[in-house]
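Fold and geometry: a report
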Amino acid sequence: MVSGLLLMPAHLLGTGRAAAAPGPVEDPASLVNPLIGTAGSVNTFPGPDMPFGMLQWGPDTTPHRAYGGGYEYRDGKISGFSLTHLSGPGCRAAGDVPILPVTGHLPRNPGDAVSGFSHAHEHTGIGYYGVTDDSGITTELTSAVRAGLGRFAFPRGTTSRLLLKLSGGATQVDGTRARAVGDREVVGAVDSGHFCGAKNRYTLHFDIRFDHPFTDSGTWTGGAVRPNPHRRTPSAPPAPGTGGMYLTFDTRTARRVTAAVGISYTSDAGAARNLEHEVGRRGFDDIRQGGHDAWNRVLGRVRIGGGSHDQQVQFYTALYHALLHPNVFSDADGRYAGMDGRTHTLAAGQRAQYANYSGWDTYRSQAQLMAIIAPRTASDAVTSMLNGYDQTGLLPKWAQNNGESHVMAGDPAAAIIAGTHAFGARGFDTAHALEALVREATEPNANRPGEAVRDAHGYLPADHTTWACCNFYGPVSTQLEYDSADYALAAMARSLGRHDTYRRFAARAQDWRNVFNPRTGYLQARLADGRFAPGFTPATAYGFIEGTASQYTPMVPFDLKALIAARGGPKAYGGYLDSLFTDLRRPSGTNADLGNEPSLGIPWQYDYLAQPWKTQGLIRRIQQTLYSNTPAGSFGNDDLGAMSSWYVFSALGMYPETPGTDTLVLGSPLFPRAELTLAEGRTLRIDAPQARPDAPYVRALTVNGRAWDKSWIGFGALRPGGSLDYTLDSRPHTDWASAPESVPPSDTTGLREVHTTGDHRGARHLFRTNHRSR
């Protein structure tokens, strides 16, 4: 292994045996390996970051600059150290203002300059990234929330420069400006956005201050380099529209240049205030230790014990990745750039405004995990979503900074907000949240461009062409997303005592039946005349988003009982599930794709067949097959913590299967011991003394000392704290939680509402056209 990886003791390599169960980990931050997920398409980044931090100052590599994360482990060259990154998206994003140290003659086109490097001279960890490149320059980075420090140590006897690649962002840069303030400071901004080619925009402001003066400066555009004729004056005029700025330093006596960087999305002054507030006179080691301590506070809310070193590294790295986003977006003084393009100030009670919502991905488990681990942050994140709604009339869908991209399908804000509420984070205006969700689910808007068509037909016809706007595609997938959103809305309404709203949207969520073909047993694309689209096979992707009919048919998480019955009952459905897991590493059209979100809930569905031992064994196989303590040690785009949160829940032995509810379906714990610190200091203890890689099967479970024979539990029962005590074994125990009444809940209340009251407001034409199947 290279020096950047966290090494495991030689006596544990390859044994597969868990260590004896010691006390809980005392320093979880020391176990995080930021290089996990930097190879392949996972797209994480190895640079330092704070929990939910605004600044992510880290390396970008070439030629495979990874989407969002900017760093591909296979690359051998660094193009710069940019100030912002997103962890794991499926499109290019961020990478603003790469800064590259160089020596020797100024390159003909500085924007194309790169530096070779080796992993043997690279070091990573919580709050730190360091590398010595092939020319002998050592770069070290650390960060606070909105500001950070970089140290650049140059070889002796060389000309030392920093290149500020203003136009070197990961996506289209619409404008740049920068100016030297005296000979120790550069202030500027870049205009960017365009996530996945969308029209979203933002402006990043920066203020960079150096510990000793630069002796020369200039700008470039393409291959045209322009020295600064005013370099001897107190301040150079702005250089708008440049590709970048270079700074030359005299390092003959002091070889190391330290740069302090502050950023803001409101103004240059905001960047300066953030820099003063978070760095001030603090040194590099002080900020690095502050980051380590901050991460220990949040990671320490889940303290595991036992397992191998690699397992512990994988767990805490996944938890780390799950808590990088959404990001603080407000300045230290409470100002932030609104979704309406105006500057706003935090209202009383809100500690920070947050941004970056990969909604289609994170509603499934990341939002719920954040609500458990960081309930105050989760509540502020929902308040931030509602602020955006108040400013524009829309909740975030796939929002980057203060711009909406409308990438992906459905209405994920409903599940994020309802799931946050269900898992105990309730420090937001719940009445206003429900009002916003209902309005977005019923009135024409850009987040649900297919809703009027769905209401008219009872489904989304695959051959309909006049969608209102905003990236509509994949009608079957989109309908399933609307169904999950409606049910999440309904569940939150019920918890708030709004039973009329619950019944209305629980009923509408049942219209998945209108695209279920009983002749094939699959959800299928349907045409406007009622016929199912011709040429169907289970591997067809027609009508689906990033998946196939085989992979999407299980996506009825709120009423799996009905889906199981529609597909012929438990035996037939069990055979169908078995067929989806024949090859975990190479998903095909008829295999589940466990590197993409629509398949993440499927392995847990054996619980609904009263066969929980199959879920237990399969989850352990997934953990061991698809995850490891290596750069390629995750599977699929991490999507701002979506995949990582799945892994964390799976290691704890549970998963939030039904968006918007507190239902946790059960697998088995990976570690002999886990302690979760819940809201108000309450403790949930999960003990499984026999836990080891080859012992995933539950023989018995007690909850707070009482025997538990169900393959699910509501988080509401765990919120006061307590204990889950597992007895595990290496062989399946088919008698535990195997009775019909032991399965997790399914909700057909909405369907009964349609049949008993005739209320078709939300489920129009339910079943009406199924007899016309072809």
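These numbers come from a predicted model, not from an experiment.

Cut-off values and rules
Residues numbered from 1 in each chain as written. Predicted model: local features only at pLDDT ≥ 70, side-chain atom pairs only at ≥ 80, totals over all residues. Heavy atoms only, no water. Helix = DSSP H or I, 4+ residues; strand = E, 2+ residues; numbered from the N terminus. Rg over C-alpha atoms; globule rule 2.2 N^0.38 Å. Buried < 20%, exposed > 50% of the residue type's maximum accessible area, 1.4 Å probe, protein only. Salt bridge = Lys/Arg side-chain N within 4 Å of Asp/Glu carboxyl O. Polar contact = N/O pair within 3.5 Å; in protein donor to acceptor, adjacent residues only side chain to side chain. Contact = heavy atoms within 4.5 Å. Core = buried A, V, L, I, M, F, W, Y, C linked by side-chain atoms within 4.5 Å. pLDDT = per-residue confidence, 0-100. Axes fitted to C-alpha atoms, helices over the stretch in contact; angles between N-to-C directions. Parallel < 35°, antiparallel > 145°, perpendicular 65-115°, else oblique. Left-handed = near helix turned anticlockwise from the far one by under 90°. Nonpolar A, V, L, I, M, F, W, Y, C, P; charged D, E, K, R; others polar. Pairing = 2+ DSSP bridges.

**Remarks on the overall build of the protein chain**
Helices and strands together make up the secondary structure of the protein chain, namely 18 helices and 33 strands. Rg of the C-alpha trace for the protein chain: 27 Å, near the compact-globule value of 28 Å for 774 residues, within the 12% margin. In terms of overall dimensions, the protein chain has a C-alpha envelope of 85 × 60 × 50 Å along the principal axes. The buried share among the 774 residues of the protein chain stands at 65%.

**Examining the pattern of salt bridges**
Applying the stated criterion across every chain, the model contains 40 salt bridges. Arg364 is paired through a salt bridge with Glu481; the nearest N and O atoms lie 3.1 Å apart. Of this pair, Arg364 sits in the loop between helix H4 (359-362) and helix H5 (366-373) while Glu481 sits in helix H10 (residues 475-495), and the two are 117 residues apart along the sequence. For the pair Arg364 and Glu481, one class covers both residues: buried. When the shortest N-O distance is used, the salt bridge between Asp483 and Arg454 registers 2.8 Å. Of this pair, Asp483 sits in helix H10 while Arg454 sits in helix H9 (residues 451-457); the two residues are 29 residues apart in sequence, bridging distant segments of the chain. Exposure remark for Asp483: the relative accessible area of 1% places this residue in the buried category. Three or more residues joined by partner-sharing salt bridges are found here, namely Asp411, Arg448, Glu451, Arg454, Asp455, Asp483, Asp486, Arg508 and Asp511.

**Considering the side chain of Gln312**
With respect to the helices and strands, the residue Gln312 is situated in helix H3 (residues 309-322). Judged by its relative accessible area of 13%, Gln312 falls in the buried class. Looking at Gln312, its side chain comes within polar contact range of the main-chain oxygen of Gly306, at 2.9 Å. Contact partners of Gln312, with chain neighbours within four places excluded, come to Val25, Leu31, Ile304, Gly306, Gly307 and Phe671.

**What to know about the nonpolar core**
Where a protein is soluble and globular, its nonpolar side chains tend to be buried together. Counting residues in hydrophobic clusters, the biggest one holds 208 residues, and the most contacted among them are Trp57, Phe210, Phe315 and Leu319. Considering each element in turn, this core owes the most residues, 10 residues, to H10. One finds Tyr128, Leu149, Ala260 and Val279 within the second-largest nonpolar core, a separate group that totals nine residues.

**Description of the confidence of the model for the protein chain**
Mean pLDDT over the protein chain works out to 93, with 93% of the residues at or above the 70 mark. Between residues 754-765, whose pLDDT stays under 50, and residues either more than four places distant or in other chains, the model counts 24 contacts.

**Quick word on the packing of helix H7 (residues 413-422) against helix H8 (residues 430-442)**
Their axes nearest at 10 Å, the elements H7 and H8 cross at an angle of 155°. The angle between H7 and H8 falls in the class roughly antiparallel. By crossing handedness, the relation of H7 to H8 is classed as left-handed. Within the contact between the two elements, H7 uses Ala413, Ala414, Ile417 and His421 and H8 uses Thr430, Ala433 and Leu437. Classifying every residue of the contact of H7 with H8 gives five nonpolar, two polar and no charged.

**Section: the packing of helix H15 (residues 612-626) against helix H16 (residues 642-652)**
Their axes nearest at 11 Å, the elements H15 and H16 cross at an angle of 130°. Regarding the angle of H15 to H16, the classification is oblique. Relative to H16, the crossing made by H15 is left-handed. Each of Ile619, Ile622 and Gln623 in H15 lies in contact with H16, whose residues at this interface are Trp646, Tyr647, Ser650 and Ala651. For the contact of H15 with H16, the residue count by class is five nonpolar, two polar and no charged.

**So, the sheet that holds strand E33 (residues 722-729)**
Strand order in the open sheet formed by six strands is E16-E28-E29-E33-E30-E31, with mixed pairing between adjacent strands. The open sheet has two edge strands with one neighbour each: strand E16 (302-305) and strand E31 (706-707). Relative to strand E29 (residues 683-687), strand E28 (residues 673-677) runs antiparallel, the two sharing five bridges. For Ala674, the partnering residue across the bridge sits in E29 and is Ile686.

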